[in-house]
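# Structure assessment
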Amino acid sequence: MAGTATTSPTARVFVLSDLVRAVRAGLIAVVALAAGAFLFESVLRPLIASATVDETVTQTLAGLLLLLMPFVGYIASSSTLRPIARTDILRAVLTALIAAGVVHVAVVAAQAAFEVGPFAERASLEMALVEGEGGIIVESMIPGGAAEQAGMQLGDVITGIRRDSVDLAGLLTRVGQSQPDDPLRLRLLRDGEEMQITVRVALATESNVDALLQGVVIALIVAVVALFWPGAWTPFALLILFLVPMVVGYIWLIIATFSYRTQGLLPLDGSGNIGGLTLENWRFLTTNNIAGYQFDIVRITLNSLLIAVAMTVTVLLVSSMAGYALSRMNFPGRRTFLSFTLILHGFPAVTLIIPIFFVLINLANLPGIGQVVGFNTPGGIALVMVAFELPLGVWLMKGFFDNIPWDIERSALIDGASRWRTFRQILLPQIRPGILALGIFAFISGWNAYIIPATYSIGRGTSNLPVFLNSLLGETSPVDWNQVAAVGLFQLAPIVVFFVFAQEYLLNIYAGGTKGTT
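Residues numbered from 1 in each chain as written. Predicted model: local features only at pLDDT ≥ 70, side-chain atom pairs only at ≥ 80, totals over all residues. Heavy atoms only, no water.

For the structure shown, the criterion picks out ten salt bridges. One salt bridge in this structure joins E194 and R187, with 3.5 Å as the shortest N-O distance. You can call E194 exposed: its relative accessible area is 56%. The salt bridge partner of E409 is R419, with a shortest N-O separation of 2.9 Å. Note that E409 is positioned in helix α14 (residues 406–414) and R419 in helix α15 (residues 419–430), a separation of ten residues in sequence. Residue classification places E409 among the buried residues on the basis of a relative accessible area of 0%. In the salt-bridge network here, residues are joined through shared partners; they are D18, R21 and R91. (Salt bridge = Lys/Arg side-chain N within 4 Å of Asp/Glu carboxyl O. Buried < 20%, exposed > 50% of the residue type's maximum accessible area, 1.4 Å probe, protein only. Helix = DSSP H or I, 4+ residues; strand = E, 2+ residues; numbered from the N terminus.)

This part takes up the side chain of S78. Relative to the elements of secondary structure, S78 occurs in helix α2 (residues 57–79). Setting aside residues no more than four positions away along its own chain, S78 makes contact with A96, A223, A226 and L227. (Contact = heavy atoms within 4.5 Å.)

Turning next to the side chain of S327. Relative to the helices and strands, S327 is located in helix α9 (residues 297–328). Looking at S327, the relative accessible area reads 11%, which means it is buried. Discounting residues that sit within four places of it in the chain, S327 has contacts with K398, F401, D402 and W406.

Inspection of the sheet shows strand β4 (residues 157–161) paired to strand β6 (residues 183–190) by four bridges, in the antiparallel sense. Within the sheet, the bridge partner assigned to V157 lies in β6 and is L189. A loop of two residues connects β6 with strand β7 (residues 193–200), the two strands running antiparallel in sequence, and D191 in this loop sits at a positive phi of about 55°. (Pairing = 2+ DSSP bridges.)

A cluster of nonpolar side chains, L239, I240, L243, V244, M246, V247, V248, Y250, I251 and L265, forms an exposed patch at the surface whose accessible area comes to about 850 Å². Along the chain, V247 turns up in helix α8 (residues 234–257). Residue class for V247 comes out partly exposed when judged on its relative accessible area of 44%. (Patch = residues over 30% accessible without salt bridge, like charges linked within 9 Å, V, L, I, M, F, W, Y side chains within 5 Å. Areas by Shrake-Rupley, 256 points an atom, 1.4 Å probe, with all protein chains shown as cover.)

Here it is as C-alpha coordinates:
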(Lines give C-alpha, C1' and ligand atoms only; values in the text may rest on other atoms or scores of the structure.)
Protein backbone atom coordinates (compact mmCIF):
# COMPACT_ATOMS: atom_id res chain seq x y z
CA MET A 1 0.00 0.00 0.00
CA ALA A 2 2.80 2.40 0.93
CA GLY A 3 4.70 1.60 -2.26
CA THR A 4 1.62 2.29 -4.38
CA ALA A 5 0.87 5.59 -2.67
CA THR A 6 4.44 6.76 -3.19
CA THR A 7 4.74 5.83 -6.89
CA SER A 8 1.46 7.15 -8.28
CA PRO A 9 1.79 10.90 -7.44
CA THR A 10 5.40 10.93 -8.66
CA ALA A 11 4.39 9.32 -11.95
CA ARG A 12 1.54 11.81 -12.42
CA VAL A 13 3.82 14.80 -11.78
CA PHE A 14 6.50 13.41 -14.10
CA VAL A 15 3.95 12.87 -16.92
CA LEU A 16 2.65 16.41 -16.43
CA SER A 17 6.15 17.86 -16.69
CA ASP A 18 6.76 15.81 -19.83
CA LEU A 19 3.51 17.11 -21.30
CA VAL A 20 4.42 20.71 -20.53
CA ARG A 21 7.84 20.25 -22.13
CA ALA A 22 6.37 18.62 -25.25
CA VAL A 23 3.66 21.26 -25.67
CA ARG A 24 6.22 24.03 -25.19
CA ALA A 25 8.51 22.58 -27.88
CA GLY A 26 5.59 22.22 -30.31
CA LEU A 27 4.32 25.76 -29.72
CA ILE A 28 7.82 27.22 -30.11
CA ALA A 29 8.12 25.50 -33.51
CA VAL A 30 4.67 26.74 -34.53
CA VAL A 31 5.43 30.32 -33.49
CA ALA A 32 8.78 30.24 -35.31
CA LEU A 33 7.20 29.15 -38.61
CA ALA A 34 4.31 31.59 -38.17
CA ALA A 35 6.82 34.40 -37.64
CA GLY A 36 8.63 33.36 -40.81
CA ALA A 37 5.36 33.37 -42.77
CA PHE A 38 4.52 36.82 -41.37
CA LEU A 39 7.97 38.09 -42.39
CA PHE A 40 7.54 36.90 -45.97
CA GLU A 41 3.91 37.94 -46.41
CA SER A 42 3.65 41.20 -44.44
CA VAL A 43 7.20 42.59 -44.51
CA LEU A 44 9.21 41.38 -47.49
CA ARG A 45 6.34 41.21 -49.99
CA PRO A 46 5.17 44.84 -49.51
CA LEU A 47 8.82 45.94 -49.48
CA ILE A 48 9.45 44.27 -52.86
CA ALA A 49 6.13 45.50 -54.22
CA SER A 50 7.12 49.08 -53.33
CA ALA A 51 9.90 48.78 -55.91
CA THR A 52 7.25 47.96 -58.56
CA VAL A 53 8.50 44.38 -58.81
CA ASP A 54 5.85 41.74 -59.40
CA GLU A 55 6.90 38.47 -57.77
CA THR A 56 5.21 35.52 -56.06
CA VAL A 57 8.17 33.90 -54.31
CA THR A 58 7.50 35.52 -50.95
CA GLN A 59 3.81 34.58 -51.09
CA THR A 60 4.69 31.00 -52.02
CA LEU A 61 7.21 30.70 -49.18
CA ALA A 62 4.72 32.14 -46.70
CA GLY A 63 2.08 29.64 -47.81
CA LEU A 64 4.57 26.79 -47.58
CA LEU A 65 5.52 27.75 -44.01
CA LEU A 66 1.86 27.94 -43.00
CA LEU A 67 1.25 24.53 -44.57
CA LEU A 68 4.16 22.94 -42.71
CA MET A 69 3.51 24.78 -39.45
CA PRO A 70 1.17 22.28 -37.72
CA PHE A 71 3.18 19.23 -38.81
CA VAL A 72 6.44 20.72 -37.56
CA GLY A 73 4.70 21.46 -34.26
CA TYR A 74 3.52 17.85 -33.88
CA ILE A 75 6.97 16.49 -34.73
CA ALA A 76 8.73 18.90 -32.35
CA SER A 77 6.45 17.98 -29.44
CA SER A 78 6.86 14.23 -30.00
CA SER A 79 10.63 14.46 -30.45
CA THR A 80 11.06 15.58 -26.82
CA LEU A 81 9.42 12.35 -25.65
CA ARG A 82 11.71 9.91 -27.46
CA PRO A 83 13.91 9.20 -24.41
CA ILE A 84 10.77 8.23 -22.45
CA ALA A 85 9.60 5.92 -25.25
CA ARG A 86 12.68 3.74 -24.71
CA THR A 87 11.55 2.84 -21.18
CA ASP A 88 7.79 3.47 -21.02
CA ILE A 89 6.06 3.25 -24.40
CA LEU A 90 2.49 3.65 -23.10
CA ARG A 91 3.34 6.79 -21.15
CA ALA A 92 5.22 8.32 -24.09
CA VAL A 93 2.39 7.60 -26.55
CA LEU A 94 -0.27 9.01 -24.20
CA THR A 95 1.75 12.16 -23.58
CA ALA A 96 2.49 12.59 -27.31
CA LEU A 97 -1.21 12.29 -28.21
CA ILE A 98 -2.26 14.83 -25.60
CA ALA A 99 0.52 17.22 -26.60
CA ALA A 100 -0.40 16.91 -30.30
CA GLY A 101 -4.03 17.62 -29.42
CA VAL A 102 -3.07 20.74 -27.48
CA VAL A 103 -0.83 21.97 -30.30
CA HIS A 104 -3.57 21.26 -32.84
CA VAL A 105 -6.12 23.26 -30.82
CA ALA A 106 -3.66 26.15 -30.58
CA VAL A 107 -3.00 26.05 -34.34
CA VAL A 108 -6.72 25.92 -35.20
CA ALA A 109 -7.45 28.79 -32.79
CA ALA A 110 -4.70 30.89 -34.40
CA GLN A 111 -5.98 30.06 -37.89
CA ALA A 112 -9.49 31.09 -36.88
CA ALA A 113 -8.25 34.33 -35.29
CA PHE A 114 -6.21 35.35 -38.34
CA GLU A 115 -8.60 33.80 -40.89
CA VAL A 116 -6.02 31.63 -42.59
CA GLY A 117 -5.87 27.94 -43.50
CA PRO A 118 -9.33 26.33 -43.32
CA PHE A 119 -10.81 29.65 -42.12
CA ALA A 120 -9.48 31.75 -44.99
CA GLU A 121 -11.91 33.47 -47.34
CA ARG A 122 -12.40 31.56 -50.56
CA ALA A 123 -14.32 32.01 -53.76
CA SER A 124 -17.87 30.82 -53.16
CA LEU A 125 -21.41 30.96 -54.52
CA GLU A 126 -22.66 31.01 -50.90
CA MET A 127 -24.90 27.98 -51.19
CA ALA A 128 -24.64 24.31 -50.19
CA LEU A 129 -24.82 21.79 -53.04
CA VAL A 130 -25.23 18.01 -53.24
CA GLU A 131 -24.85 15.66 -56.20
CA GLY A 132 -28.18 14.28 -57.39
CA GLU A 133 -29.31 11.98 -60.16
CA GLY A 134 -30.34 14.76 -62.54
CA GLY A 135 -27.62 17.25 -61.57
CA ILE A 136 -26.42 19.36 -58.67
CA ILE A 137 -29.16 20.11 -56.14
CA VAL A 138 -29.21 23.39 -54.17
CA GLU A 139 -29.60 22.21 -50.57
CA SER A 140 -29.28 25.52 -48.69
CA MET A 141 -28.20 29.14 -49.20
CA ILE A 142 -26.67 31.84 -47.06
CA PRO A 143 -29.33 34.52 -46.43
CA GLY A 144 -28.51 37.58 -48.49
CA GLY A 145 -25.62 35.78 -50.17
CA ALA A 146 -24.58 35.74 -53.81
CA ALA A 147 -26.87 32.84 -54.75
CA GLU A 148 -29.95 34.32 -53.09
CA GLN A 149 -29.31 37.74 -54.63
CA ALA A 150 -29.06 36.13 -58.07
CA GLY A 151 -32.48 34.49 -57.65
CA MET A 152 -31.50 30.89 -56.89
CA GLN A 153 -34.04 28.82 -54.96
CA LEU A 154 -33.86 25.73 -52.79
CA GLY A 155 -34.32 22.58 -54.84
CA ASP A 156 -32.95 24.03 -58.07
CA VAL A 157 -31.03 21.44 -60.08
CA ILE A 158 -27.88 22.81 -61.74
CA THR A 159 -27.05 20.90 -64.92
CA GLY A 160 -24.31 22.98 -66.52
CA ILE A 161 -22.38 26.21 -66.96
CA ARG A 162 -23.71 27.89 -70.08
CA ARG A 163 -23.87 25.09 -72.67
CA ASP A 164 -21.33 22.81 -70.97
CA SER A 165 -22.52 20.04 -68.67
CA VAL A 166 -20.96 20.00 -65.24
CA ASP A 167 -20.85 17.81 -62.14
CA LEU A 168 -20.34 18.91 -58.53
CA ALA A 169 -16.57 18.46 -58.60
CA GLY A 170 -16.29 20.42 -61.86
CA LEU A 171 -18.46 23.25 -60.54
CA LEU A 172 -16.44 23.55 -57.32
CA THR A 173 -13.21 23.58 -59.35
CA ARG A 174 -14.59 26.30 -61.62
CA VAL A 175 -15.66 28.39 -58.61
CA GLY A 176 -12.27 27.92 -56.94
CA GLN A 177 -10.48 29.16 -60.07
CA SER A 178 -12.67 32.27 -60.36
CA GLN A 179 -11.95 35.74 -59.04
CA PRO A 180 -14.35 37.70 -56.80
CA ASP A 181 -17.28 39.18 -58.73
CA ASP A 182 -16.69 36.91 -61.74
CA PRO A 183 -20.04 35.91 -63.32
CA LEU A 184 -20.98 32.25 -63.65
CA ARG A 185 -24.00 31.59 -65.85
CA LEU A 186 -25.58 28.45 -64.43
CA ARG A 187 -28.00 26.32 -66.45
CA LEU A 188 -30.60 24.76 -64.15
CA LEU A 189 -33.96 23.03 -63.92
CA ARG A 190 -36.76 24.51 -61.79
CA ASP A 191 -40.13 22.80 -61.67
CA GLY A 192 -39.29 20.99 -64.89
CA GLU A 193 -38.40 24.18 -66.78
CA GLU A 194 -34.86 24.93 -67.97
CA MET A 195 -33.46 28.39 -67.32
CA GLN A 196 -30.16 30.21 -66.84
CA ILE A 197 -29.19 32.41 -63.88
CA THR A 198 -25.99 34.40 -63.54
CA VAL A 199 -24.42 34.16 -60.09
CA ARG A 200 -21.42 36.32 -59.19
CA VAL A 201 -18.59 34.72 -57.23
CA ALA A 202 -18.12 36.11 -53.72
CA LEU A 203 -15.55 35.66 -50.97
CA ALA A 204 -16.81 33.69 -47.98
CA THR A 205 -15.42 31.84 -45.01
CA GLU A 206 -16.62 28.25 -45.11
CA SER A 207 -15.67 26.26 -42.01
CA ASN A 208 -15.35 22.62 -42.99
CA VAL A 209 -16.04 20.47 -39.93
CA ASP A 210 -14.91 17.31 -41.71
CA ALA A 211 -11.57 18.95 -42.54
CA LEU A 212 -11.09 19.95 -38.89
CA LEU A 213 -11.81 16.39 -37.73
CA GLN A 214 -9.40 15.04 -40.34
CA GLY A 215 -6.81 17.47 -38.98
CA VAL A 216 -7.18 15.99 -35.50
CA VAL A 217 -6.67 12.46 -36.84
CA ILE A 218 -3.63 13.55 -38.87
CA ALA A 219 -2.16 15.30 -35.82
CA LEU A 220 -2.43 12.15 -33.69
CA ILE A 221 -0.96 9.94 -36.44
CA VAL A 222 1.97 12.31 -37.07
CA ALA A 223 2.67 12.54 -33.33
CA VAL A 224 2.89 8.75 -32.92
CA VAL A 225 4.97 8.28 -36.07
CA ALA A 226 7.39 11.04 -35.03
CA LEU A 227 7.75 9.41 -31.62
CA PHE A 228 9.10 6.16 -33.05
CA TRP A 229 10.57 7.41 -36.35
CA PRO A 230 14.19 6.22 -36.80
CA GLY A 231 16.34 9.32 -37.15
CA ALA A 232 18.66 7.61 -39.65
CA TRP A 233 15.76 7.30 -42.10
CA THR A 234 15.02 11.04 -42.20
CA PRO A 235 17.51 11.98 -44.98
CA PHE A 236 16.23 9.14 -47.17
CA ALA A 237 12.60 10.07 -46.53
CA LEU A 238 13.26 13.71 -47.42
CA LEU A 239 15.16 12.65 -50.54
CA ILE A 240 12.26 10.46 -51.66
CA LEU A 241 9.79 13.24 -50.88
CA PHE A 242 11.71 15.75 -52.98
CA LEU A 243 12.19 13.25 -55.82
CA VAL A 244 8.51 12.29 -56.09
CA PRO A 245 7.50 15.30 -58.26
CA MET A 246 10.45 14.67 -60.58
CA VAL A 247 9.68 10.96 -60.89
CA VAL A 248 6.00 11.70 -61.52
CA GLY A 249 7.03 14.18 -64.22
CA TYR A 250 9.16 11.58 -66.01
CA ILE A 251 6.36 9.01 -65.74
CA TRP A 252 3.94 11.50 -67.31
CA LEU A 253 6.48 12.24 -70.04
CA ILE A 254 6.72 8.57 -70.99
CA ILE A 255 2.94 8.01 -70.85
CA ALA A 256 2.18 11.18 -72.84
CA THR A 257 4.49 10.23 -75.69
CA PHE A 258 2.42 7.10 -76.37
CA SER A 259 -1.03 8.62 -75.83
CA TYR A 260 -3.48 10.74 -77.78
CA ARG A 261 -3.99 12.85 -74.65
CA THR A 262 -3.71 12.44 -70.91
CA GLN A 263 -5.65 13.27 -67.78
CA GLY A 264 -3.11 13.31 -65.00
CA LEU A 265 -1.16 10.08 -65.47
CA LEU A 266 -4.00 8.30 -67.29
CA PRO A 267 -3.84 7.93 -71.09
CA LEU A 268 -7.12 8.72 -72.83
CA ASP A 269 -8.40 7.94 -76.30
CA GLY A 270 -10.39 10.25 -78.58
CA SER A 271 -13.64 9.50 -76.70
CA GLY A 272 -12.20 10.28 -73.29
CA ASN A 273 -11.91 6.63 -72.22
CA ILE A 274 -8.82 5.24 -70.55
CA GLY A 275 -6.50 3.66 -73.12
CA GLY A 276 -5.86 4.55 -76.70
CA LEU A 277 -2.09 4.12 -76.78
CA THR A 278 -0.49 5.16 -80.07
CA LEU A 279 2.82 5.70 -81.86
CA GLU A 280 1.46 8.72 -83.74
CA ASN A 281 3.51 11.15 -81.62
CA TRP A 282 6.73 9.52 -82.87
CA ARG A 283 5.83 10.13 -86.49
CA PHE A 284 8.37 12.96 -86.61
CA LEU A 285 11.10 10.30 -86.94
CA THR A 286 9.76 9.14 -90.31
CA THR A 287 8.16 12.28 -91.76
CA ASN A 288 9.23 15.87 -92.39
CA ASN A 289 5.90 17.58 -91.69
CA ILE A 290 3.98 18.16 -88.46
CA ALA A 291 0.78 20.21 -88.84
CA GLY A 292 2.25 22.07 -91.81
CA TYR A 293 5.64 22.67 -90.20
CA GLN A 294 8.47 21.45 -92.47
CA PHE A 295 11.65 20.07 -90.91
CA ASP A 296 14.42 17.49 -91.31
CA ILE A 297 14.85 15.58 -88.06
CA VAL A 298 18.03 13.86 -89.27
CA ARG A 299 19.75 17.15 -90.02
CA ILE A 300 18.50 18.71 -86.78
CA THR A 301 19.85 15.78 -84.77
CA LEU A 302 23.18 15.91 -86.63
CA ASN A 303 23.41 19.64 -85.86
CA SER A 304 22.92 18.92 -82.17
CA LEU A 305 25.51 16.14 -82.32
CA LEU A 306 28.00 18.30 -84.24
CA ILE A 307 27.69 21.19 -81.79
CA ALA A 308 28.04 18.88 -78.77
CA VAL A 309 31.01 16.91 -80.17
CA ALA A 310 32.87 20.01 -81.40
CA MET A 311 32.34 21.67 -78.04
CA THR A 312 33.50 18.58 -76.14
CA VAL A 313 36.68 18.06 -78.17
CA THR A 314 37.69 21.73 -78.11
CA VAL A 315 36.96 22.22 -74.41
CA LEU A 316 38.92 19.09 -73.46
CA LEU A 317 41.90 19.96 -75.66
CA VAL A 318 42.25 23.60 -74.63
CA SER A 319 41.28 23.11 -70.97
CA SER A 320 43.73 20.27 -70.38
CA MET A 321 46.68 22.15 -71.87
CA ALA A 322 45.78 25.45 -70.19
CA GLY A 323 45.12 23.70 -66.88
CA TYR A 324 48.53 22.01 -67.04
CA ALA A 325 50.33 25.26 -67.80
CA LEU A 326 48.57 27.13 -65.00
CA SER A 327 49.19 24.34 -62.51
CA ARG A 328 52.81 23.41 -63.33
CA MET A 329 54.40 26.52 -64.85
CA ASN A 330 55.15 29.88 -63.33
CA PHE A 331 55.01 32.71 -65.87
CA PRO A 332 54.27 36.45 -65.73
CA GLY A 333 50.57 37.27 -65.55
CA ARG A 334 49.58 33.83 -64.30
CA ARG A 335 47.53 35.06 -61.34
CA THR A 336 45.98 37.83 -63.44
CA PHE A 337 45.00 35.31 -66.11
CA LEU A 338 43.39 33.06 -63.46
CA SER A 339 41.47 36.00 -62.01
CA PHE A 340 40.17 37.15 -65.38
CA THR A 341 39.24 33.57 -66.28
CA LEU A 342 37.15 33.30 -63.14
CA ILE A 343 35.49 36.66 -63.85
CA LEU A 344 34.69 35.53 -67.41
CA HIS A 345 33.07 32.38 -66.02
CA GLY A 346 30.75 34.49 -63.87
CA PHE A 347 29.98 36.94 -66.68
CA PRO A 348 26.39 36.50 -67.96
CA ALA A 349 26.43 35.28 -71.53
CA VAL A 350 23.32 37.21 -72.42
CA THR A 351 25.14 40.56 -72.10
CA LEU A 352 27.56 39.55 -74.88
CA ILE A 353 24.98 38.41 -77.42
CA ILE A 354 25.16 41.56 -79.57
CA PRO A 355 29.00 41.85 -79.66
CA ILE A 356 29.30 38.14 -80.47
CA PHE A 357 26.75 38.59 -83.26
CA PHE A 358 29.01 41.15 -84.97
CA VAL A 359 32.05 38.92 -84.46
CA LEU A 360 30.31 35.99 -86.17
CA ILE A 361 29.07 38.22 -88.99
CA ASN A 362 32.64 39.37 -89.66
CA LEU A 363 33.94 35.79 -89.46
CA ALA A 364 31.34 34.74 -92.04
CA ASN A 365 32.82 37.25 -94.50
CA LEU A 366 36.24 35.61 -94.34
CA PRO A 367 36.94 33.21 -97.21
CA GLY A 368 37.28 29.57 -96.22
CA ILE A 369 36.72 29.64 -92.47
CA GLY A 370 33.58 31.77 -92.74
CA GLN A 371 31.64 28.77 -93.99
CA VAL A 372 32.76 26.74 -90.96
CA VAL A 373 32.72 29.04 -87.93
CA GLY A 374 30.73 32.05 -89.18
CA PHE A 375 27.22 33.20 -88.44
CA ASN A 376 24.42 30.66 -89.00
CA THR A 377 26.78 27.67 -88.97
CA PRO A 378 27.00 24.82 -86.41
CA GLY A 379 30.74 25.55 -86.10
CA GLY A 380 30.12 29.19 -85.20
CA ILE A 381 27.55 28.19 -82.58
CA ALA A 382 29.98 25.62 -81.13
CA LEU A 383 32.77 28.24 -81.09
CA VAL A 384 30.66 30.65 -79.03
CA MET A 385 29.63 27.92 -76.60
CA VAL A 386 33.25 26.79 -76.22
CA ALA A 387 34.23 30.35 -75.28
CA PHE A 388 31.72 30.37 -72.43
CA GLU A 389 32.57 26.83 -71.30
CA LEU A 390 36.37 27.20 -71.29
CA PRO A 391 36.73 29.17 -68.00
CA LEU A 392 35.02 26.40 -66.06
CA GLY A 393 37.01 23.71 -67.89
CA VAL A 394 40.34 25.46 -67.30
CA TRP A 395 39.74 25.83 -63.58
CA LEU A 396 38.58 22.22 -63.23
CA MET A 397 41.56 20.84 -65.14
CA LYS A 398 43.93 22.98 -63.06
CA GLY A 399 42.37 21.50 -59.95
CA PHE A 400 42.96 17.95 -61.18
CA PHE A 401 46.59 18.69 -62.14
CA ASP A 402 47.17 20.28 -58.71
CA ASN A 403 46.29 16.94 -57.10
CA ILE A 404 49.08 15.04 -58.93
CA PRO A 405 52.31 14.84 -56.87
CA TRP A 406 55.31 16.64 -58.34
CA ASP A 407 57.45 13.52 -57.85
CA ILE A 408 55.80 11.77 -60.79
CA GLU A 409 56.56 14.64 -63.16
CA ARG A 410 60.10 15.18 -61.83
CA SER A 411 60.93 11.51 -62.37
CA ALA A 412 59.80 11.71 -66.00
CA LEU A 413 61.77 14.92 -66.62
CA ILE A 414 64.92 13.49 -65.01
CA ASP A 415 64.62 10.43 -67.24
CA GLY A 416 64.77 12.74 -70.27
CA ALA A 417 61.10 13.14 -71.19
CA SER A 418 60.08 16.47 -72.64
CA ARG A 419 57.32 18.65 -71.19
CA TRP A 420 54.97 17.62 -73.98
CA ARG A 421 55.68 13.90 -73.54
CA THR A 422 55.33 14.19 -69.77
CA PHE A 423 52.00 15.94 -70.19
CA ARG A 424 50.71 13.49 -72.79
CA GLN A 425 51.97 10.12 -71.50
CA ILE A 426 52.39 10.64 -67.75
CA LEU A 427 49.96 13.24 -66.45
CA LEU A 428 46.93 12.84 -68.70
CA PRO A 429 46.40 9.17 -67.72
CA GLN A 430 46.48 10.28 -64.06
CA ILE A 431 43.50 12.59 -64.55
CA ARG A 432 41.48 10.33 -66.83
CA PRO A 433 38.39 10.43 -64.52
CA GLY A 434 38.49 14.23 -64.61
CA ILE A 435 38.78 14.31 -68.40
CA LEU A 436 35.84 11.96 -68.76
CA ALA A 437 33.80 14.02 -66.29
CA LEU A 438 34.52 17.31 -68.02
CA GLY A 439 33.89 15.75 -71.43
CA ILE A 440 30.49 14.44 -70.38
CA PHE A 441 29.63 17.76 -68.77
CA ALA A 442 30.60 19.66 -71.94
CA PHE A 443 28.67 17.25 -74.19
CA ILE A 444 25.50 17.61 -72.11
CA SER A 445 25.83 21.41 -72.18
CA GLY A 446 26.25 21.40 -75.95
CA TRP A 447 23.44 18.92 -76.55
CA ASN A 448 20.94 20.90 -74.45
CA ALA A 449 21.99 24.39 -75.60
CA TYR A 450 19.15 26.67 -76.64
CA ILE A 451 19.86 30.42 -76.21
CA ILE A 452 23.01 30.57 -78.33
CA PRO A 453 21.78 28.29 -81.17
CA ALA A 454 18.46 30.15 -81.27
CA THR A 455 20.23 33.52 -81.41
CA TYR A 456 22.94 32.77 -83.97
CA SER A 457 21.01 30.62 -86.43
CA ILE A 458 18.41 31.50 -89.04
CA GLY A 459 16.01 29.04 -90.59
CA ARG A 460 15.82 25.32 -90.03
CA GLY A 461 19.13 24.33 -91.59
CA THR A 462 21.25 25.04 -88.51
CA SER A 463 18.69 24.59 -85.70
CA ASN A 464 19.31 21.91 -83.09
CA LEU A 465 16.85 19.80 -81.08
CA PRO A 466 16.07 22.39 -78.34
CA VAL A 467 15.35 25.05 -81.00
CA PHE A 468 13.19 22.59 -82.94
CA LEU A 469 11.34 21.68 -79.74
CA ASN A 470 10.62 25.33 -79.01
CA SER A 471 9.29 25.83 -82.55
CA LEU A 472 6.49 23.35 -81.74
CA LEU A 473 5.18 25.69 -79.03
CA GLY A 474 3.21 28.05 -81.24
CA GLU A 475 1.84 31.23 -79.69
CA THR A 476 -1.16 31.48 -82.03
CA SER A 477 -1.95 27.81 -82.70
CA PRO A 478 -2.94 24.98 -80.33
CA VAL A 479 0.01 23.05 -78.91
CA ASP A 480 0.06 19.27 -79.17
CA TRP A 481 1.71 18.58 -75.81
CA ASN A 482 1.93 14.85 -76.47
CA GLN A 483 3.91 15.60 -79.63
CA VAL A 484 6.14 17.98 -77.64
CA ALA A 485 6.63 15.27 -75.00
CA ALA A 486 7.76 12.78 -77.66
CA VAL A 487 10.35 15.19 -79.12
CA GLY A 488 11.51 16.05 -75.59
CA LEU A 489 11.95 12.39 -74.71
CA PHE A 490 13.88 11.86 -77.95
CA GLN A 491 16.24 14.69 -76.97
CA LEU A 492 16.49 13.38 -73.39
CA ALA A 493 17.48 9.83 -74.34
CA PRO A 494 21.26 10.43 -74.81
CA ILE A 495 21.41 12.41 -71.56
CA VAL A 496 19.80 9.55 -69.65
CA VAL A 497 22.35 7.15 -71.12
CA PHE A 498 25.18 9.44 -69.99
CA PHE A 499 23.84 9.72 -66.46
CA VAL A 500 23.25 5.97 -66.13
CA PHE A 501 26.69 4.89 -67.31
CA ALA A 502 28.83 7.89 -66.37
CA GLN A 503 27.47 9.24 -63.08
CA GLU A 504 30.62 8.07 -61.27
CA TYR A 505 32.77 10.31 -63.47
CA LEU A 506 30.38 13.24 -63.15
CA LEU A 507 30.90 13.18 -59.38
CA ASN A 508 34.66 13.48 -59.91
CA ILE A 509 34.23 16.87 -61.56
CA TYR A 510 33.53 18.40 -58.16
CA ALA A 511 36.09 16.39 -56.22
CA GLY A 512 38.95 17.51 -58.44
CA GLY A 513 37.90 21.07 -59.13
CA THR A 514 37.72 22.14 -55.49
CA LYS A 515 41.23 21.17 -54.38
CA GLY A 516 43.25 23.36 -56.69
CA THR A 517 45.53 26.14 -55.48
CA THR A 518 46.89 29.24 -57.13
